[in-house]
Number of protein chains: 2
Amino acid sequence: MSAQQRLNAVKQHLTPEQERANAVDPVNSMNEERAKASFNIRDLTHLLDGGKGPSELRERMMQEIERDPLFAMHDIHDISKETLRERTMEKFRSMIHHLQNESVDTFKKRMEVISLIDPGFWTRFGVHYGLFVGALQSNASPGQLSYWFEKGALSLSGMVGCFAMTEIGHGSNVPGLETTATFDEASDQFIIHTPTLTATKWWIGGAAHSATHASVFAQLIVKGKRYGTKVFVVPLRDPKTYNLLPGVNIGDIGKKMGRDGIDNGWIQFTNVRIPRGYMLQKHTKVSRSGEVQEPKLQQLTYGALLQGRVAMVVDSGNVSKKALTIAVRYAAVRRQFANSKANGIETKLLDYPIHQRRLMPLLAQAFAMHFTGSEMNAMYNNMMTRLDSASPDDPDMAEVIEMLKETHATSAGLKAFCTWNCLNTIEQCRQSCGGHGYSAYTGLAGMYNDFAVQCTWEGDNTILALQSGRYLISSYREAIAGKKLSPGVGYLNNLNTLIGKRCGAAKVEDVVTPEIIIEGWQVVCANVVKNAALEFEECLKAGLDTDDAYEQCSQSRLYAARLHSYGYLFRRFAEGVSKVEGDLKPILMDVCMLYGLYTVEENAGAFLQYEYFTPKQIEYIRAQTNVLCKAVRDQAIPLVDSFNLSDYVVNSPLGRRDGNVYVHYFDHVKRQNPQGEHPYFNRLIKPMLERDIEGGDYEDEEAGLEDDEE
Amino acid sequence: MSAQQRLNAVKQHLTPEQERANAVDPVNSMNEERAKASFNIRDLTHLLDGGKGPSELRERMMQEIERDPLFAMHDIHDISKETLRERTMEKFRSMIHHLQNESVDTFKKRMEVISLIDPGFWTRFGVHYGLFVGALQSNASPGQLSYWFEKGALSLSGMVGCFAMTEIGHGSNVPGLETTATFDEASDQFIIHTPTLTATKWWIGGAAHSATHASVFAQLIVKGKRYGTKVFVVPLRDPKTYNLLPGVNIGDIGKKMGRDGIDNGWIQFTNVRIPRGYMLQKHTKVSRSGEVQEPKLQQLTYGALLQGRVAMVVDSGNVSKKALTIAVRYAAVRRQFANSKANGIETKLLDYPIHQRRLMPLLAQAFAMHFTGSEMNAMYNNMMTRLDSASPDDPDMAEVIEMLKETHATSAGLKAFCTWNCLNTIEQCRQSCGGHGYSAYTGLAGMYNDFAVQCTWEGDNTILALQSGRYLISSYREAIAGKKLSPGVGYLNNLNTLIGKRCGAAKVEDVVTPEIIIEGWQVVCANVVKNAALEFEECLKAGLDTDDAYEQCSQSRLYAARLHSYGYLFRRFAEGVSKVEGDLKPILMDVCMLYGLYTVEENAGAFLQYEYFTPKQIEYIRAQTNVLCKAVRDQAIPLVDSFNLSDYVVNSPLGRRDGNVYVHYFDHVKRQNPQGEHPYFNRLIKPMLERDIEGGDYEDEEAGLEDDEE
């Protein structure tokens, strides 16, 4: 007898009640979904990870971290900020072992996996290695770099660094920082000083309880002249005692929305003296006699900034995958409302067209961000290789600068819209879990709180989106002037054919192809970029200077950047899918087209405004979006399975791979909240319940008064 | 010498540096804004509050609560869940004094104010008075009601109640709850039982550490027959000892996204016996011999449910006002980036067109929700008065049922879209504060976490929006059949004139009137409702039953409900403003038109799809939205001042009335995070910094091995 036959035999002996219980059993429901896979899940995992090797490395990492007692995550929602902070430092310390014993690539993979598990830890560790060491690499001369590395910056011996850029009164406007670094020629020292309350360094990760040194951004002042913001290494504390050094005042900035594992702090400097050599002098140099030598190409210092942005596009895809793993798995087993024909068996959430509409486009978007993130990574690495090997006098430096500009603008827009997309995905996933989405243990609430900061740090999203819009306007003007643009904005070289172009599909059914959606996005983007550019030029004609003119048309810039980014995401996705062969092709094509139609539908106003699609075509696209939601829904569990996140990484009873959500959820709640003595019954509740209510608050309200009026 | 002259005299003696410091001083910046008021702020406060008396009462409440030491809120972000829970119970107990000593209206005002200050407390108190007592009032016969009131349900002596409806496996589908209440004729008792894990009562507010009794929703089973979900009062604990009663098992569900002041719990019943009289029998009755008498009009039991929804529309307006008070005040004093012409003085955030775009439409929306909330309240009270005085056999009962249906559907849609709007407003306000929005002390992060549950409880927003859409479809079908509809959907009686209608404005400039926007919304809504209805009918023709047909067209239903709700909000706002006279009229008109244009712009796809506006008109509307953002920006501080929320209620250093944000923020951070000993330097950091790194992890890696290969 085969397993299936045995199962059928068992089934035949079930009562109707047992049969119904079987049908709604969450584990059975999950297996049912998994069995629908139209493709080899493992193949898709390899495709997403970039091969079998990387998949296996990631699996090894997930297992290793899960087994590390320091990385226990089950109680993360119930420990105090103080415990969390201490535990985070303990993890920090334990990382040194891996850092010293594994290859850079392996360690990077470890960090990528950890960023999904414990973003607070990842930030605390990243402040030293990403920001502090990064500031050294970008700003120190070769000799200075060796000095700080020898002093222990890389090995974390003798020093832990933090990155003191923002001030309480100054965030995005780095040139406007108030902290001063005044050269004192007599002593050959810089004097670091916080002149006002608003100059207090603020949000400095690691300052409160980790760092001994800071890379401080301050206004360089030499012989009374200001040279703008430069970077200085300032020792904060004695590494032997952790006592503050003279003139340094530091405090904890306390409770945040999320990422409480990192100890952000504030710093005030009162005439703190550092040797001249502690100014990082790769670009600007100050000599012993106070001569200041400024660099030729200011832009080159921005290269390193971009890495964080590119990483956030990738992270937006990864965090979306985690959120969707929870919401989609829960929707596959959660049942609600019985259909009259269904013998009392309630319907799976995933079978409701409206639930498909809530989650499937977001699932498609996660894939779009994945493919785009990979592409951005390659673009960034290519650009940095060229940048590192080029010298300012190289003949192809102009081309490198052009690449830097494109990477800068593209990563700015994508960072903004991808982090917004991801934050929205988390919240939509949370709401789609109904009441349980409000439990901390579901994981989505904390994910929201942890992720939210990504919309603000390393460039506020609105400001970045405006930068991207500014680049689009200047690209438009260059295109008009006859310049050949770089690929991302290349469509602006075809303005004549794009403006006024309508969809050429003969029949309404023909609009659902990648080519048409790509063309549609190009037409719409060409129009909105043109409008923004014309608005900008009108502002110039009206007498505004360039900056004011850009401010004045900021809404149009933002709109152009938004549509450009959506069009970009779709094209990257479509191009990525076009390279795929075999079994994976049909499902990825469905996911890709769902993303395309959904973005058109969401921005139908623009497609109608510029008349690329007719109202009838838009109606058809709306209907086809429903059809594709249904198609992707059938593969939804295999698709989230392909993300290959272990139960430990997902860390949510609702997102359990086996589908046994209620058992895991109840167990988790009981383990985290053991039943015990009532903490305040005797003090607060008993006296209330047993109070004498007859006389109200006062025993005798007359208090002996004989009322004459009565 | 007048004050102004003295000020000028002082100014003349300032150095340029002092003058600049003066110009950017946040208090000066705030005063500057306040001086721009084009209307009497106090008059607007009275208009919003409903008169001078209510304003003064609210002010008295704000002051009284601020002075109550139990309601200290400065440390709310830094105390543990356990402390918060205990403190919340202490407030709970202290409320009894006010409840017994003040009028119902005064007490209601107190609760309204408290709900803005401490939503967690408000929920915990509301579980007893709103839900438990409400369940008695809706479901108990007159005799039963007296019994429970005499037993202490109103005075909170001898008992505290909770409301045990949802189960871990069942939320929105109340008829599908699994808990059973089986009549045992022999003992004249009901046996309350939790048959499965998924039947565990879940999310029960007050169950963990407050309640002695629960109103339990369970399947009534008499003589083997099921009669659907009814309500039973089940004693949970001995009020003397707080020990669980036999068969009752209760636990804490632990950490949530927000509102941690309330002790949500889970409950399992194992054959718990209660007297027959503990079933609430206002509607369905069970006699001593097990005869079941069912009510004539099932709908009447839903009336009480609506109150919560209406309250949430009002609350969405109020919470939005609080969030906007913080974000707008901060934007009036925060400065960022210096204009080349501005002598180094940075620009106020509020002066950036893009920042106006981020906040002004949301400010307008808060007003729209305010006016609509007041209207909904009146509609609800009117309906309930009629309902309470009507008996099932009254001739005008049909009309009352019609009113109930309209209130039900309208409040469903508005609850959904207003709570979504408010949640979005909070998040947009938070992001608009830049990095500081991520600090817990800014208040917006906690506000988001506290408010988020409103999108789920008392009717999941998606399900409510779909109900509203279903009502729109059935109203459409009734209109086609010739029935005169109630006012909210009355436009569906004019389908012939609305479908296909285009904006009749002669010039593009003429589109900015309330009449045109109202008509535009009616045209668009008539179209989308018609489309949804046609889609529904096609599903019926294709052989689906009514429920399946509704599911199939759910995306169109949701879309129709969304647009209908936006159109409804605008009309209520415009009608409210049309009644205002005098100085307040112009500014309210600006705010109202901004809301109208913004909603059109946001839904431009629909207005273009149904060709009410041309692309050119939409372009004009986009441009005019910018113009109105600027106009409302000039009055932004007076407008948020008119909300009249005291600094204590706002509880955010960034939202301080005096504008002195950095001083208050820094003070708050220092007070909440006093500098002290490092908690784990010696244990974790010192050994890391001082470790011997020469030998790596192992002192002698060769360990005596003689390697042959070498």
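The following refers to the structure shown. (Residues numbered from 1 in each chain as written. Chains lettered and ligands numbered in written order. Predicted model: local features only at pLDDT ≥ 70, side-chain atom pairs only at ≥ 80, totals over all residues. Heavy atoms only, no water.)

## Focus on the pattern of salt bridges
Working step 1: With the rule as written, the count across this model stands at 99 salt bridges over all chains.
Working step 2: Through salt bridges with shared partners, a single network forms among Glu-32, Glu-33, Lys-36, Lys-348, Asp-351, Lys-630, Arg-633 and Asp-634 of chain A. (Salt bridge = Lys/Arg side-chain N within 4 Å of Asp/Glu carboxyl O.)

## Some words on the packing of helix 8 (residues 119–139) of chain A against helix 9 (residues 142–151) of chain A
Residue and element names in this part refer to chain A.
Working step 1: Relative to each other, helix 8 and helix 9 sit at 155 degrees, their axes nearing to 8 Å. The orientation of helix 8 with respect to helix 9, classified from their angle, is roughly antiparallel. Note on packing geometry: the crossing formed by helix 8 with helix 9 is left-handed. Side by side, helix 8 and helix 9 meet where Val-133, Leu-136, Gln-137 and Asn-139 of the first sit next to Gln-144, Leu-145, Trp-148 and Phe-149 of the second.
Working step 2: The class makeup of the residues in the contact of helix 8 with helix 9 is 5 nonpolar, 3 polar and no charged. (Axes fitted to C-alpha atoms, helices over the stretch in contact; angles between N-to-C directions. Helix = DSSP H or I, 4+ residues; strand = E, 2+ residues; numbered from the N terminus. Parallel < 35°, antiparallel > 145°, perpendicular 65-115°, else oblique. Left-handed = near helix turned anticlockwise from the far one by under 90°. Contact = heavy atoms within 4.5 Å. Nonpolar A, V, L, I, M, F, W, Y, C, P; charged D, E, K, R; others polar.)

## Digging into the sheet that holds strand 8 (residues 265–269) of chain A
Residues and elements named next belong to chain A.
Working step 1: Spatial ordering of the open sheet is given by 4-8-7, a layout of 3 strands whose pairing is antiparallel. Lying at the two open borders of the sheet, with one neighbouring strand each, are strand 4 (201–204) and strand 7 (248–252). Recorded for the sheet is a direction-independent mean angle of 20 degrees between the axes of neighbouring strands. (Pairing = 2+ DSSP bridges.)

## Quick notes on the sheet that holds strand 8 (residues 265–269) of chain B
All names here are of chain B.
Working step 1: In spatial order, the strands read 4-8-7; together these 3 strands make up an open sheet with antiparallel pairing. Where the open sheet ends on each side, the last strands, each with one partner, are strand 4 (201–204) and strand 7 (248–252). With direction set aside, neighbouring strand axes in the sheet form an average angle of 20 degrees.
Working step 2: Bridge analysis of strand 7 against strand 8 gives 5 bridges, and the strand direction is antiparallel. Directly across from Asn-249, in strand 8, lies its bridge partner Gln-268.

## Details of the interface of chain B and chain A
Working step 1: Counting residues at the interface gives 131 residues for chain B, matched by 131 residues for chain A.
Working step 2: Between Arg-683 of chain A and Glu-86 of chain B there is a salt bridge whose closest N-O contact spans 3.0 Å.
Working step 3: One can count 64 residue pairs in polar contact (both at pLDDT 80 or more) joining chain B with chain A.
Working step 4: If one sorts the elements of the side of chain B that touches chain A by residue count, helix 6 (residues 81–101) of chain B sits on top with 11 residues.
Working step 5: Grouping the amino acids of the side of chain B that touches chain A by side-chain chemistry returns 54 nonpolar, 43 polar and 34 charged. (Polar contact = N/O pair within 3.5 Å; in protein donor to acceptor, adjacent residues only side chain to side chain.)

## Regarding the environment of Glu-538 of chain B
Residue and element names in this part refer to chain B.
Working step 1: Among the structural elements, Glu-538 can be located in helix 16 (residues 514–541).
Working step 2: Taking the relative accessible area as the measure of exposure, Glu-538 reaches 56% and is therefore exposed.
Working step 3: Between the alpha carbons of Glu-538 and Ala-549 there is a distance of 8.4 Å; along the sequence they are 11 residues apart. (Buried < 20%, exposed > 50% of the residue type's maximum accessible area, 1.4 Å probe, protein only.)

## Quick look at the packing of aromatic side chains
Aromatic ring pairs are reported here in terms of the distance separating the ring centres and the angle at which the planes meet.
Working step 1: Here the structure, examined in full by the defined rule, presents 51 aromatic pairs over all chains.
Working step 2: Where Phe-125 of chain B meets Tyr-129 of chain B, the ring centres are 5.0 Å apart and the plane angle is 35 degrees; that geometry is what we call tilted. A residue pair is termed a helical-turn pair when its members lie 3 or 4 positions apart in one helix, as Phe-125 of chain B and Tyr-129 of chain B do in helix 8 (residues 119–139) at 4 residues. Neither residue differs from the other here; Phe-125 of chain B and Tyr-129 of chain B are each classed as buried.
Working step 3: Aromatic rings pair up to connect Phe-71, Phe-92, Phe-107, Phe-121, Phe-125 and Tyr-129 of chain A into one cluster.
Working step 4: Taking the ring centre of Tyr-559 of chain B as reference, the NZ or CZ of Arg-622 of chain A above it sits at 4.6 Å. (Phe/Tyr/Trp six-rings, centres within 6.5 Å; stacked < 30°, edge-to-face > 60°. Lys NZ or Arg CZ within 6 Å of the ring centre and 35° of its normal.)

## Digging into helix 25 (residues 681–690) of chain A
Working step 1: Those residues of helix 25 of chain A not exposed but buried are Phe-681, Leu-684, Ile-685, Met-688 and Leu-689 of chain A. Buried residues of helix 25 of chain A fall within an arc of 115 degrees about the axis and therefore sit on the same side.
Working step 2: Buried residues in helix 25 of chain A make contact with helix 6 of chain B. (Arc of directions from axis to C-beta.)

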